[in-house]
Amino acid sequence: MSPKKPAYDKQEIMVDVEGRTLKISSLDKVLYPRTGTTKGEVLNYYAQISPVLLPHLKDRAVTRIRWPHGVQDMSFFEKNAPSGTPSWVRTVTVPTTGSRSGKGDGEITFPIVEDLATLTWLVNLAALELHVHQWTVGRNGRPRNADRLVIDLDPGEPAGLHECCVVALLVQDKLAERGLHGKPVMSGSKGLHLYADLPKRMPSDDSTALAKVVAEELQREHPSLVTATMTKTKRPGKVFLDWSQNAGSKTTISPYSLRGKELPYVAAPVSWAEVEEGADDPLGLEQLRFDEILRRVSEHGDLFAS
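Here the residue numbering is sequential within each chain, running from 1 through the sequence in written order. Only residues with pLDDT of 70 or above have their local features reported here, since the model is predicted, and side-chain atom pairs are shown and tallied only from 80 upward, although totals for entire chains, interfaces and linings are computed over all residues. To get the side-chain values, take all heavy atoms of the structure and skip hydrogens and water.

- An unreviewed UniProt entry lists the protein under the name Bifunctional non-homologous end joining protein LigD, from Nocardioides szechwanensis.

Structure below.
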């Protein structure tokens, strides 16, 4: 017998969000049981963080991970805009390869989150995580080339965030040699993401190749600390530099998105000074929760802004 889900008020309310009328439901449903964080608090977080989040979602197709019954229960990926998508939500239909589109015609129709109403609509569907590509969509509805590069620093136990900070400084040096400036974001999970705006858009294959070159150089220079190999047996005690997330079909958690973890952690932009502190002190940097992010943005603004 499956455990009984906690009771909550399923009442629906109608709210006005920037001129759009939305039906919001189950505000007291607990989505993070360990902290008692409710759907209403999640909606409130996304509303408060939207001034800094929405610019980083602009013109990017969004893949969502949804937890309808909270993070202790099942989740699912959703790429296509779901049935019942409001007519005012901007969408983009892009070609895909393989049969994962769910439509059987080699296309995926993604939503694009460009306003608070669209963001609120998705979060009301328990879309806790928002993942985006490194390319954007033009107003003609066609995907453009990548405008940024990302490298995911994923630690293999017993390595952790401390080792990621050490390696992040090495990656930053490699990027600087190529005229790029890295922007660190704690993943909200175990590691770090480093983004770099590209001075000129490039095809995803080229940005992937560039990220792979950086990763493989560091693997050769620091073989006891870094691996560029996806094989999990090669990762224990090392930081895997995942260069593959630059591929046109891959996505990365958006800065300021919540994560569907035991605690309500956020993909949190940080300063290089904080990364250096994390490299010097094994306890110098920790993943951040949504309430901490709101305070940080209030005090320091958007650390991820160009």
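From this point on, the discussion continues.
## Quick look at the pairing of strand β13 (residues 192–202)
Piece 1. Relative to β13, strand β11 (residues 143–155) runs antiparallel, the two being bridged by seven bridges. Bridging across to β13, Arg 148 finds its partner in Asp 197.
Piece 2. The hairpin turn running from strand β12 (residues 182–186) into β13, its antiparallel successor, is five residues long, and Gly 188 in that turn takes a positive phi close to 80°. Only strands joined by at least two bridges in the DSSP assignment are considered to pair. Starting at the N terminus, helices and strands are each numbered in turn, a helix being any DSSP run of H or I of at least four residues and a strand any DSSP run of E of at least two.

## With respect to the nonpolar core
A general feature of soluble globular proteins is that nonpolar side chains tend to end up buried together.
Piece 1. Buried Ala, Val, Leu, Ile, Met, Phe, Trp, Tyr and Cys residues form a nonpolar core when they are joined through side-chain atoms within 4.5 Å. Burial classes: relative accessible area under 20% of the type maximum marks a residue as buried, over 50% as exposed, and values in between as partly exposed (1.4 Å probe, protein chains only). Counting 78 residues, the largest nonpolar core has Tyr 45, Tyr 46, Ile 49, Leu 153 and Leu 241 as the members making the most contacts within it.
Piece 2. Among the elements that make up this core, the one with the highest residue count is helix α1 (residues 39–57) (nine residues).
Piece 3. For each domain, the first and last residues come from an automatic or database assignment. No fewer than three residues from each of domain 1 (12–137) and domain 2 (145–249 + 265–300) sit in this core.
Piece 4. In what follows, residue pairs with any heavy atoms lying within 4.5 Å of each other are defined as contacts. Aside from chain neighbours lying at most four places away, what touches Ile 49 is Tyr 256, Ile 293, Leu 294 and Val 297.
Piece 5. Residues Val 94, Ile 112, Trp 135 and Val 137 belong to the second largest nonpolar core, which totals eight residues.

## Points about unusual backbone geometry
Piece 1. Of note, the bond from Glu 157 into Pro 158 is cis; its omega dihedral lies within 30 degrees of zero at 5°.
Piece 2. Of note in the backbone geometry, Ala 126 takes a positive phi value of approximately 65° without being a glycine.
Piece 3. Counting through the fold element by element, Ala 126 comes out in the loop between α2 (116–124) and β9 (127–132).
Piece 4. Ala 126 sits in the buried class, given a relative accessible area of 5%.

## Things to note about the side chain of Arg 64
Piece 1. Structurally, the position occupied by Arg 64 is in strand β5 (residues 62–66).
Piece 2. Residue Arg 64 is classed as buried on the basis of its relative accessible area of 0%.
Piece 3. Each polar contact in these results corresponds to two N or O atoms within 3.5 Å; when the atoms are within protein, one needs to be able to donate a hydrogen and the other to accept it, and residues that are neighboring in sequence are counted only if both atoms are side-chain atoms. In terms of polar contacts, Arg 64 uses its side chain to reach the backbone carbonyl oxygen of Val 62, at 2.7 Å.
Piece 4. Only 2.8 Å separates the side chain of Arg 64 from the backbone oxygen of Asn 80, close enough to count as a polar contact.
Piece 5. Among all residues touching Arg 64, those that are not within four sequence positions of it are Phe 76, Phe 77, Glu 78, Lys 79, Asn 80, Ala 81, Pro 82, Pro 111, Leu 122, Ala 127, Glu 129 and Leu 130.

## Some thoughts on the pattern of salt bridges
Piece 1. In the sections that follow, a salt bridge refers to a side-chain nitrogen of Lys or Arg positioned within 4 Å of a carboxyl oxygen of Asp or Glu. Taken as a whole, this structure holds 18 salt bridges when the rule is applied.
Piece 2. Between Asp 154 and Arg 235 there is a salt bridge, with the nearest N and O atoms lying 3.3 Å from each other. Here Asp 154, found in strand β11, pairs with Arg 235, found in the loop between β14 (226–227) and β15 (239–242); they are 81 residues apart in sequence, far enough to count as distant.
Piece 3. One continuous salt-bridge network, built from bridges that share partners, spans Asp 59, Arg 90, Glu 114 and Arg 139.

## What to know about the sheet that holds strand β16 (residues 252–253)
Paired through backbone hydrogen bonds, the strands of a sheet run either parallel or antiparallel to each other.
Piece 1. Judged by pairing direction, the sheet is antiparallel, and its four strands sit side by side in the order β6-β5-β9-β16 without closing on themselves. Two strands in the sheet have a free side with no partner beyond their single neighbour: β6 (76–78) and β16.
Piece 2. Sheet analysis places β5 next to β9, joined by five bridges and oriented antiparallel. By the bridge assignment for β9, Arg 64 is matched with Leu 130.

## Considering α2
Piece 1. With nine of nine residues buried, α2 is to be regarded as a mostly interior element.
Piece 2. Taken together, the buried positions of α2 are Leu 116, Ala 117, Thr 118, Leu 119, Thr 120, Trp 121, Leu 122, Val 123 and Asn 124.
Piece 3. Here the buried face of α2 lies against β1 (12–17), β2 (20–25), α1, β5 and β9.
Piece 4. Following α2 by one or two positions, Ala 126 has its phi on the positive side, about 65°.

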